Amino acid sequence: PARPSMACTNFTGSSWSRWQRLKMAKRDNRRYVNANTGRPVSDDDVYRMTMLYQYQRFPLPKIARRYGLQTTQVRDLIGRRSGGSCCG
């Protein structure tokens, strides 16, 4: 089926809203695995990373080493957790 028009503004059960929900669900499907232990990164780990970065001012490379991830992955996780705001 073709993608519905973006001009549709009916958000109550229209095909556009179903498509939008599917699109949003796919966005969060990434799984990160700790390179040191081989276990997936949990929500608690992401919360701790966010707290370390925002309140303890840990640098991203240090957080990445601690959780066995790459710096870009940590930046992506923290950005999604904190809302992805570019201005604070």
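Residues numbered from 1 in each chain as written. Predicted model: local features only at pLDDT ≥ 70, side-chain atom pairs only at ≥ 80, totals over all residues. Heavy atoms only, no water.

K.L.:
Would you mind going over the packing of helix α2 (residues 43-54) against helix α3 (residues 60-67) with me for this structure?
P.N.:
When two helices pack together, their arrangement is given by the angle between the helix axes and by the axis-to-axis distance. Where α2 meets α3, the axes come as close as 10 Å, and the angle between the chain directions of the two elements is 155°. Our classification of the angle between α2 and α3 gives roughly antiparallel. Handedness of the crossing formed by α2 with α3: right-handed. In this structure, α2 contributes Asp45, Arg48, Met49, Leu52 and Tyr53 to the contact, and α3 contributes Leu60, Ile63, Arg66 and Tyr67. The residue inventory of the contact of α2 with α3, partitioned by class, reads 6 nonpolar, no polar and 3 charged. (Axes fitted to C-alpha atoms, helices over the stretch in contact; angles between N-to-C directions. Helix = DSSP H or I, 4+ residues; strand = E, 2+ residues; numbered from the N terminus. Parallel < 35°, antiparallel > 145°, perpendicular 65-115°, else oblique. Left-handed = near helix turned anticlockwise from the far one by under 90°. Contact = heavy atoms within 4.5 Å. Nonpolar A, V, L, I, M, F, W, Y, C, P; charged D, E, K, R; others polar.)

K.L.:
Please clarify how helix α4 (residues 71-81) should be interpreted in this entry.
P.N.:
Structural remark: α-helix, 3.6 residues per turn; residues separated by three or four positions point the same way. Those residues of α4 not exposed but buried are Val74, Leu77 and Ile78. Taken down its axis, α4 places every buried residue within 95° of arc, on the same side. (Buried < 20%, exposed > 50% of the residue type's maximum accessible area, 1.4 Å probe, protein only. Arc of directions from axis to C-beta.)

Purely geometric stuff here, so don't read any function into it on its own.
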